[in-house]
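# Report on the structure
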Amino acid sequence: MVAATATSSYQNHTFFSNFLSSSPNSNLFPLHLRCLKRQSLTSDVTAARIRCKAALGSTETKLQKKSQYDIENLTIWLLKQEQAGNIDAELTIVLSSISLACKQIASLLQRSSIINLTGAHGTINIQGEDQKKLDVISNELFCNCLRSCGRTGIIASEEEDVPVAVEETYSGNYIVVFDPIDGSANIDTSLTTGSIFGIYGPDEQCLVDIDDNSTLDQEKQKCVTSVCQPGSNLLAAGYCLYSSSVVFTLSIGKGVFAFTLDPSHGEFVLTHENIEIPKLGKIYSFNEGNYDLWDEKLKKYLSHLRLPGSNGKPYSGRYIGCLVGEIHRMLLYGGIYGNPKNKNSKNGNLRLLYECAPMSYLVEQAGGKATDGHQRILDIKPEEVHQRTPIFIGSPDEVEKLQTFLA
Ligand SMILES: O=C(COP(=O)(O)O)[C@@H](O)[C@H](O)[C@H](O)COP(=O)(O)O
Ligand SMILES: [Mg+2]
Ligand SMILES: [Mg+2]
Ligand SMILES: [Mg+2]
């Protein structure tokens, strides 16, 4: 009896699949035949599920999830977002060109000791930092990719004195701000580094065309005004982590998604969907070398973290010296990162426009919080391109707890 049923199910399947493949349009089938076809395929799927269950010991729920063999790369993901109306075609191109710059940087970083790309460049940027060779080269790579994609109007970078308008022949509308290599002090020791970027639309108030009589100063001023937008105006932001894996993490205002570079074929593959930061975490990341320079309220907060908690253990301290690394860990494990003001540096040492704002946007998109101690980072409108700001960023409950200490 059992054998007979199995045979007839097999025959049904063979018969109808032959029938289907010989027919130009299955929609022309009489209704009852189409129903039979569906039943037969459904019973096949059920049988396959049972076989998988037995083989893998998995539950029904697991089988209904995405298969481990389903691969989605960044390009396909971006095109799907475009199709869904979440971004326009121009932004897709800008994001794709940034991912290309990141791949190039990742490759240079990996070979830096071999191809003589470690060490100082011998120049100083406008903020007084000694530039590494790769600070300068990565900046060039970002600029080239953004220029040649033809969709960028103005770029502002940690390594450029002032924002730069893209030449007319190439230019588009988007404004891109970036830190080409974050944590560049880590390059020579092969430790974690990253790239950070944020994308704005054109600032409505700055759409006044520069006529032929505009002076260079007027043009520069227009660029500065255009890029100095609060983080709340960001259309997209992300970072690329260069570590034991290369991870391109992105938000277009609808959650946070991360794509890991598969070096065997050079594609960013979707590996972390809709990242949600844990509400609480057990890790704090502050440069405690500055402890004596902090204000008393902050010292009390740090002392509190060092006391045993409900589990009998204090928080763990972790500090890599690269904002991208700290934020990546925090998005996955939770916790808090701080780069506060201190007696020697009244605004801390991170830059609002191309470090703090894009990271705050990502962390908020993942359900976290970011503040300068008084106000939300995303609400601060920069006055200057390289303006610095104190920042506390991370799991929502951890940031709220800190705020009660600072109040
Ligand atoms: O990497 C950083 C500096 O960025 P940069 O390399 O200049 O792009 C930051 O993320 C560091 O974490 C931070 O500046 C370290 O500050 P200190 O610990 O030295 O105060
Ligand atoms: Mg720097
Ligand atoms: Mg940086
Ligand atoms: Mg940098």
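Rules of the game
Residues numbered from 1 in each chain as written. Chains lettered and ligands numbered in written order. Predicted model: local features only at pLDDT ≥ 70, side-chain atom pairs only at ≥ 80, totals over all residues. Heavy atoms only, no water. Salt bridge = Lys/Arg side-chain N within 4 Å of Asp/Glu carboxyl O. Helix = DSSP H or I, 4+ residues; strand = E, 2+ residues; numbered from the N terminus. Donors = N, O, S within 2.8 Å, 3.2 Å for Na, K, Ca; no water. Buried < 20%, exposed > 50% of the residue type's maximum accessible area, 1.4 Å probe, protein only. Core = buried A, V, L, I, M, F, W, Y, C linked by side-chain atoms within 4.5 Å. Contact = heavy atoms within 4.5 Å. Axes fitted to C-alpha atoms, helices over the stretch in contact; angles between N-to-C directions. Parallel < 35°, antiparallel > 145°, perpendicular 65-115°, else oblique. Nonpolar A, V, L, I, M, F, W, Y, C, P; charged D, E, K, R; others polar. Pairing = 2+ DSSP bridges. Near = heavy atom within 4 Å. Polar contact = N/O pair within 3.5 Å; in protein donor to acceptor, adjacent residues only side chain to side chain. Areas by Shrake-Rupley, 256 points an atom, 1.4 Å probe, with all protein chains shown as cover. 1 Å grid on protein atoms, 1.4 Å probe; cavity = no way out; pocket = protein on both sides within 12 Å on 5 of 7 lines; lining within 4 Å. Sits in = over half its atoms within 2 Å of the grid points. UniProt positions renumbered as here; feature names shortened; annotations may be inferred. Points joined across faces, edges and corners; volume = space filled by probe spheres on them. Domains from an automatic or database assignment. Buried area = accessible area lost by both parts, 1.4 Å probe.

## Quick notes on the pattern of salt bridges
- A full pass over the atoms with the stated rule returns 14 salt bridges.
- One salt bridge connects Glu364 with Arg376, and the closest N-O pair in it is separated by 2.9 Å. With Glu364 in helix H10 (residues 352–365) and Arg376 in the loop between strand E14 (369–371) and strand E15 (391–394), the pair connects residues that are 12 residues apart, well separated along the chain.
- Note that Glu398 is salt-bridged to Lys401, the shortest N-O span being 3.9 Å. Residue Glu398 and its partner Lys401 are located together in helix H11 (residues 396–406), separated by three residues, close to a single helical turn.

## What about the coordination of the magnesium ion (ligand 4)?
- Looking at the metal site, the magnesium ion (ligand 4) is ligated by Glu158 (OE), Asp179 (OD) and Ile181 (O), spaced 2.1 to 2.2 Å from it.
- Read in sequence order, the donor residues coordinating the magnesium ion (ligand 4) give the pattern E-x20-D-x1-I.
- Separating the magnesium ion (ligand 4) from the magnesium ion (ligand 2) is a distance of 3.7 Å, and Glu158 supplies a donor atom to each of them. Here Glu158 is found in the loop between strand E3 (152–157) and strand E4 (164–165), whereas its partner Ile181 is found in strand E5 (residues 174–182), with 23 residues between them in sequence.
- A relative accessible area of 2% places Ile181 in the buried class.

## A few points about the nonpolar core
- Counting residues in hydrophobic clusters, the biggest one holds 42 residues, and the most contacted among them are Leu95, Ile98, Ile199 and Phe248.
- If near-sequence neighbours (up to four positions away) are discounted, Leu95 is found in contact with Leu78, Ile87, Phe197, Ile199, Ala236, Phe248, Leu250 and Ile252.
- Membership of the second largest hydrophobic core comes to 27 residues, among which are Leu241, Leu362, Ala366 and Ile380.

## Describing the coordination of the magnesium ion (ligand 2)
- Each protein donor to the magnesium ion (ligand 2) is listed here as Glu129 (OE) and Glu158 (OE); together their distances run 2.0 to 2.3 Å.
- Taken as an interatomic distance, the gap from the magnesium ion (ligand 2) to the magnesium ion (ligand 3) is 5.4 Å. In this pair, Glu129 is assigned in the loop between strand E1 (120–124) and strand E2 (130–132) and Glu158 in the loop between E3 and E4, connecting sequence segments 29 residues apart.
- Note on Glu158: relative accessible area 4%, which makes it buried.

## Focus on the packing of helix H9 (residues 323–333) against H10
- Direction vectors running N to C along H9 and H10 enclose 10°, while the axes themselves pass 11 Å from each other. Considering their axes alone, H9 and H10 lie roughly parallel with respect to each other. Between H9, through Leu323, Val324, Ile327 and Leu331, and H10, the contact on the second element is made entirely by Glu355, Met359 and Val363.
- Per-class residue counts for the contact of H9 with H10 are six nonpolar, no polar and one charged.

## A look at the pairing of E1
- Little of E1 sits out of view: just zero of its five residues are buried.
- In this antiparallel pair of consecutive strands, E1 and E2, the connection spans five residues, and Gly128 shows a positive phi of 85°.

## Re the site of ligand 1
- If you check the shell around ligand 1, you find 17 residues, and the closest are Glu158, Gly183, Asn287, Tyr319 and Leu323.
- Between ligand 1 and the protein, one listed contact pairs an oxygen atom with a side-chain N or O atom of Glu129 at 3.3 Å.
- Within the side chain of Glu158, an N or O atom sits 2.8 Å from an oxygen atom of ligand 1.
- Relative to its unbound accessible surface of 480 Å², ligand 1 loses 81% to contact with the protein.
- Here ligand 1 is seated within the second largest pocket.
- Here the element with the most residues in the shell around ligand 1 is E5; it accounts for three residues.
- Here the shell around ligand 1 is composed, by residue class, of six nonpolar, five polar and six charged.

## Regarding the UniProt feature "domain: Fructose-1-6-bisphosphatase class 1 C-terminal" (unreviewed entry) in the protein chain
- Mapped onto the present numbering, the UniProt feature "domain: Fructose-1-6-bisphosphatase class 1 C-terminal" (unreviewed entry) falls at residues 277–406.
- Secondary structure content for residues 277–406 is 35% helix and 12% strand, while the C-alpha to C-alpha distance between its ends is 23 Å.

## Quick look at the layout of surface pockets
- Approximately 560 Å³ is the volume attributed to the second largest pocket.
- Lining the second largest pocket are 34 residues, with Glu129, Gly321, Asn349, Leu350 and Arg351 sitting closest to its centre.
- Split into classes, the residues belonging to the lining of the second largest pocket amount to nine nonpolar, 13 polar and 12 charged.
- Taken domain by domain, the lining of the second largest pocket gets at least three of its residues from each of domain 1 (74–207 + 216–275) and domain 2 (283–406).

## Digging into the domain arrangement of the protein chain
- The domain boundaries assigned to the protein chain delineate domain 1 (74–207 + 216–275) and domain 2 (283–406).
- The gap between the C-alpha centroids of domain 1 and domain 2 is 23 Å.
- Between domain 1 and domain 2, the residue contacts involve 49 residues of the former and 32 residues of the latter.
- Among the residues of domain 1 in contact with domain 2, Cys228, Tyr239 and Ile275 are the three that bury the most area, contributing 20% of the side total.
- Here domain 1 and domain 2 share two salt bridges between them.
- In this structure, Arg351 engages Glu158 in a salt bridge whose closest nitrogen and oxygen atoms are separated by 3.4 Å.
- Remark: the boundary between domain 1 and domain 2 carries 19 residue pairs in polar contact (both at pLDDT 80 or more).
- Those elements giving two or more residues to the side of domain 1 that touches domain 2 turn out to be E3, E5, strand E6 (193–200), helix H7 (216–227), strand E7 (236–242) and strand E8 (246–251).

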